[in-house]
Amino acid sequence: MRHRSVADLMTPTAVNVVPGTTFKEIARLLDDFDITAVCVVDESNRPLGVVSEADLVRRRAAGDRPGTAGALMSRPVVVARPEWSVVRAARVMERARIKRLPVIDDDERLVGVLSRSDLVQLFLRRDRAIQEEIVEDVVTHTLMLSPSALSVEVEDGRVTLSGTVRRSIVPVLLRLCNSVDGVVGVVDRLRYEDDDLSRK
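This is a predicted model, so every value here is computed, not measured. (Residues numbered from 1 in each chain as written. Predicted model: local features only at pLDDT ≥ 70, side-chain atom pairs only at ≥ 80, totals over all residues. Heavy atoms only, no water.)

Novice: Please explain the pairing of strand 4 (residues 100-104) as it appears in this structure.
Specialist: If a strand is regular, its side chains alternate between the two faces of the sheet. Across the 5 residues that make up strand 4, a large majority, 5, are buried. Examined bridge by bridge, strand 4 and strand 5 (residues 110-115) share 5 bridges and lie antiparallel to one another. Residue Ile104 lies in a different strand from strand 5, and its bridge partner there is Leu110. Taking the residues between adjacent antiparallel strands as the criterion, strand 4 and strand 5 are bridged by 5 residues, where Glu108 takes a positive phi near 65°. (Buried < 20%, exposed > 50% of the residue type's maximum accessible area, 1.4 Å probe, protein only. Helix = DSSP H or I, 4+ residues; strand = E, 2+ residues; numbered from the N terminus. Pairing = 2+ DSSP bridges.)

Shown next, in the form of structure tokens:
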């Protein structure tokens, strides 16, 4: 069972600017590409900072001169790596309270951007794909149960489990199902073939 990686979901061609890019040019890029921020990069395409709509609004509200990307950008820039799981990236976003992560390669050059809207794609996975992953990866390969032992139904990302299993594996089964990308909840309708926990 594998969580999707940042590389799977990121936008591979990030819109970026250089430190000398003007306020108006940044505003035009945000509007033209319907994005909320741009990454500021150096001559080697390494991220220096990020300029967001909020940065532009704050500058105008303060009555300061518009300035350039170098003066407007927020830094240090928080970045992600393509091989990271999206779970790790989401936690970094939450901890840093940011909406997007520039993605850098081994040479620290910008290769893409991951936004919150990209993460939402996880919850748009087809129910059939979620069902297949649970049956094949969780039930068969991880827990080594017969696929016929359980009924796995998925509707709008909500998983319903029914069938007869050992009581002791239920917490593990529920936890693994909840960790599958795209799952929004798990309904437990399982029955127990024996109370193996009561024997300990």
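Past the structure itself, the notes keep going.
Novice: Could you clarify how one ought to interpret the pairing of strand 7 (residues 158-165) in this entry?
Specialist: In the sheet, strand 6 (residues 150-155) pairs with strand 7 via 6 bridges, with the strands oriented antiparallel. When the bridges of strand 7 are listed, Leu150 appears paired with Gly163. Where strand 6 folds back onto strand 7 in an antiparallel hairpin, the turn is made up of 2 residues, including Asp156, whose phi is positive at roughly 55°. Judged from the 8 bridges that link them, strand 7 and strand 8 (residues 185-192) form a sheet pairing that is parallel. In the sheet register, Leu161 faces strand 8, and the bridge partner there is Asp188. With respect to chirality, the unit in which strand 7 leads through helix 8 (residues 170-178) into the neighbouring parallel strand 8 is right-handed. (Right-handed = clockwise from strand over helix to strand, strands pointing away.)

Novice: In this structure, what is going on with the nonpolar core? I would like to understand it.
Specialist: Within soluble globular proteins, side chains that are nonpolar generally end up buried alongside one another. Counting residues in each nonpolar core, the largest one holds 20 residues, and the members touching the most others are Ile134, Val138, Val159 and Leu173. When contributions to this core are tallied by element, the ones reaching two or more residues are helix 7 (127-142), strand 6, strand 7 and helix 8. Listed in part, the 14 residues of the second largest apolar core include Ala80, Trp84, Leu101 and Leu122. (Core = buried A, V, L, I, M, F, W, Y, C linked by side-chain atoms within 4.5 Å.)

Novice: In this structure, what is going on with the packing of helix 2 (residues 23-32) against helix 3 (residues 53-61)? I would like to understand it.
Specialist: The description of two packed helices rests on the angle between their axes and on the distance between the axes. For the pair helix 2 and helix 3, interaxial distance at closest approach is 11 Å and the crossing angle is 140°. One way to sum up the angle between helix 2 and helix 3 is to call them oblique. The interaxial crossing formed by helix 2 with helix 3 has left-handed handedness. Residues Phe23, Ile26, Ala27 and Leu30 of helix 2 form the contact with helix 3, whose own contacting residues are Glu53, Leu56, Arg59 and Arg60. Grouping the amino acids of the contact of helix 2 with helix 3 by side-chain chemistry returns 5 nonpolar, no polar and 3 charged. (Axes fitted to C-alpha atoms, helices over the stretch in contact; angles between N-to-C directions. Parallel < 35°, antiparallel > 145°, perpendicular 65-115°, else oblique. Left-handed = near helix turned anticlockwise from the far one by under 90°. Contact = heavy atoms within 4.5 Å. Nonpolar A, V, L, I, M, F, W, Y, C, P; charged D, E, K, R; others polar.)

Novice: Whenever I open this one, the sheet that holds strand 3 (residues 47-52) confuses me. Can you help?
Specialist: The strands making up a sheet associate through backbone hydrogen bonding, with each pair oriented either parallel or antiparallel. The strand order across the open sheet formed by 3 strands is 1-2-3, and the pairing between neighbours is mixed. In the strand order of this sheet, the two ends are held by strand 1 (16-17) and strand 3, each with one partner. Across 5 bridges, the pairing between strand 2 (residues 37-41) and strand 3 is antiparallel. The residue bridging Val38 from the neighbouring strand is Val51, located in strand 3.

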